[in-house]
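Fold and contact review
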Amino acid sequence: MIKFYNRGTKKYETEQVVGDTYLKWTYASPVGMKFLELIIKKKLFSKLYGFYCDRKMSKRKIKSFIRHYGIDISLCEKSLDQFESFNDFFTRKLTSEVRPIDSALGSLISPGDGKLVAYENIDLSKLVQIKGFTYSLHNLIGDPSKVTQFSEGICLILRLSPTDCHRFHFIDNGICEETKKIKGVYYSVNPIALKAVTELFCKNKREWSIFHSDNFGDVLCIEVGATCVGSIIQSYAPGKRVKKGDEKGYFKFGGSTTILFFEKGKVKIDKDIIDQTSKGYETRVFMGEKIGKR
């Protein structure tokens, strides 16, 4: 059972986990862990499932997925009969009206829909993955020249569950450098998996880039793939100016994670998010919603 904090109601809610029984068996049983290491975490497994989700035949999954997880299809740009495959539905765009962008100049917005944790004054050698587990930023991106820049800064981890909109966006006006890709495996990023696999973020496939933000300094953006995520698609143009809320990219099927690192003193995260993180809870946020300020 995964509980999270709802900012709107100021109450805790229980997440409806996609594949809950499968996740518990895979990451909590000896047989499941062996199957995970031999097959599930491998690129071929996710690639084959991603291939299926790109095919027209996968459309049959859409209606049952919407019904079972209570997804409001009226928020999407496309109607139900316009989706050509399950991945087409999974990477759905929402209308701008349902995800308004907080346009205040010094306002930091969430890059996407999901569950957020935030850490202040980070130690680059001991970044928190989930309760009790740590990893280093050097191991996460493999580029020592970029590491010290974010010492004692802010780390945001936004987890996108399979029921969330899987597009991620820029948190400010600015210019983003080219994305670097790091090969890896495909563990789930669900908290069940995060508790079972040490340094999971450093093992999964991931991509990173430096975003030169107008209002928050340089921001290290990292996208982490997961089980059944066939692709991380970067849809932005490197070196060209973007506006706050512009799309940076999207994940194909599966739960995924976006991680942001800010330099020391560049941003202050909203108190309720910091407080919930310190209590061990993620906070539900939506793309464009204010999560901090300059």
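Refer to the preceding data block for the structure.
Small disclaimer: the values here were computed from a predicted structure and weren't measured.

Strand pairs in the sheet, formed through backbone hydrogen bonds, run parallel or antiparallel to each other. If you walk across this open sheet you meet the three strands as S8-S15-S13, and the pairing is antiparallel. This sheet does not close on itself; its edge strands, each paired only once, are strand S8 (167–169) and strand S13 (232–234). Taking the axes of each pair of neighbouring strands and ignoring which way they run, one obtains an average angle of 20° across the sheet. Here three bridges tie S13 to strand S15 (residues 247–251), and the two strands are oriented antiparallel to one another. In the strand pairing of S15, Ile232 is matched with Phe251.

Here we come to the nonpolar core. What tends to happen in soluble globular proteins is that the nonpolar side chains get buried as a cluster. Residues Leu137, Leu140, Phe201, Leu220, Ile222, Ile259 and Phe261 are the most contacted members of the largest nonpolar core, which totals 30 residues. Broken down by secondary-structure element, the contributors of at least two residues to this core are strand S4 (114–119), helix H6 (137–141), strand S7 (154–160), helix H8 (191–196), strand S11 (206–213), strand S12 (217–224) and strand S16 (256–262). Setting aside its immediate chain neighbours within four residues, Leu140 contacts Tyr135, Ile182, Phe201, Cys202, Arg206, Ile222, Ile259 and Phe261. Counting 28 residues, the second largest nonpolar core, distinct from the first, contains Ala118, Ile154, Leu156 and Phe251.

What follows concerns helix H4 (residues 60–69). Listed in full, the buried residues belonging to H4 are Ile62, Phe65, Ile66 and Tyr69. Seen along its axis, H4 keeps its buried residues to an arc of 95°; they face one direction. Summarising the geometry of H4, the exposed residues directed more than 90 degrees from the buried face are Arg60, Lys63, Arg67 and His68. Taken from the residues just after H4, Gly70 is the one with a positive phi, measuring 60°.

On to the sheet that holds strand S19 (residues 290–293). Pairing is antiparallel across the open sheet formed by three strands, whose spatial order is S3-S19-S17. Each end of this open sheet is capped by a strand with a single partner; those strands are strand S3 (107–109) and strand S17 (268–269). Strand direction decides the pairing type here: S3 and S19, joined by three bridges, are antiparallel. What sits directly across from Ile109, in S19, is Lys290.

Bringing the pairing of strand S2 (residues 11–14) into the picture now. Here four bridges tie strand S1 (residues 3–6) to S2, and the two strands are oriented antiparallel to one another. Within the sheet, the bridge partner assigned to Lys3 lies in S2 and is Thr14.

Among the structural elements, Arg92 can be located in the loop between helix H5 (86–90) and S3. Although Arg92 is buried, it makes no salt bridge; Asp164 carries the closest opposite charge, 6.9 Å away. Within the structure, Arg92 has its side chain in polar contact with the backbone oxygen of Thr163 (distance 3.0 Å). Discounting chain neighbours no more than four positions away, the residues touching Arg92 are Ile71, Cys76, Phe83, Thr163, Asp164, Cys165 and Arg167.

What follows deals with a positive patch on the surface. On the surface, Lys56, Lys59, Lys63 and Arg67 cluster together into a patch of positive charge. In this fold, Arg67 is placed in helix H4.

Per the counting criterion, the structure on display carries 17 salt bridges. The residue Lys264 makes a salt bridge to Glu152 at a minimum N-O spacing of 2.8 Å. With Lys264 in the loop between S16 and S17 and Glu152 in the loop between helix H7 (144–147) and S7, the pair connects residues that are 112 residues apart, well separated along the chain. Since its relative accessible area comes to 54%, Lys264 is described here as exposed.

Rules used throughout
Residues numbered from 1 in each chain as written. Predicted model: local features only at pLDDT ≥ 70, side-chain atom pairs only at ≥ 80, totals over all residues. Heavy atoms only, no water. Pairing = 2+ DSSP bridges. Helix = DSSP H or I, 4+ residues; strand = E, 2+ residues; numbered from the N terminus. Axes fitted to C-alpha atoms, helices over the stretch in contact; angles between N-to-C directions. Core = buried A, V, L, I, M, F, W, Y, C linked by side-chain atoms within 4.5 Å. Buried < 20%, exposed > 50% of the residue type's maximum accessible area, 1.4 Å probe, protein only. Contact = heavy atoms within 4.5 Å. Arc of directions from axis to C-beta. Lys, Arg positive; Asp, Glu negative; His and termini not counted. Salt bridge = Lys/Arg side-chain N within 4 Å of Asp/Glu carboxyl O. Polar contact = N/O pair within 3.5 Å; in protein donor to acceptor, adjacent residues only side chain to side chain. Patch = residues over 30% accessible without salt bridge, like charges linked within 9 Å, V, L, I, M, F, W, Y side chains within 5 Å. Areas by Shrake-Rupley, 256 points an atom, 1.4 Å probe, with all protein chains shown as cover. Charge placed at Lys NZ, Arg CZ, Asp CG, Glu CD.

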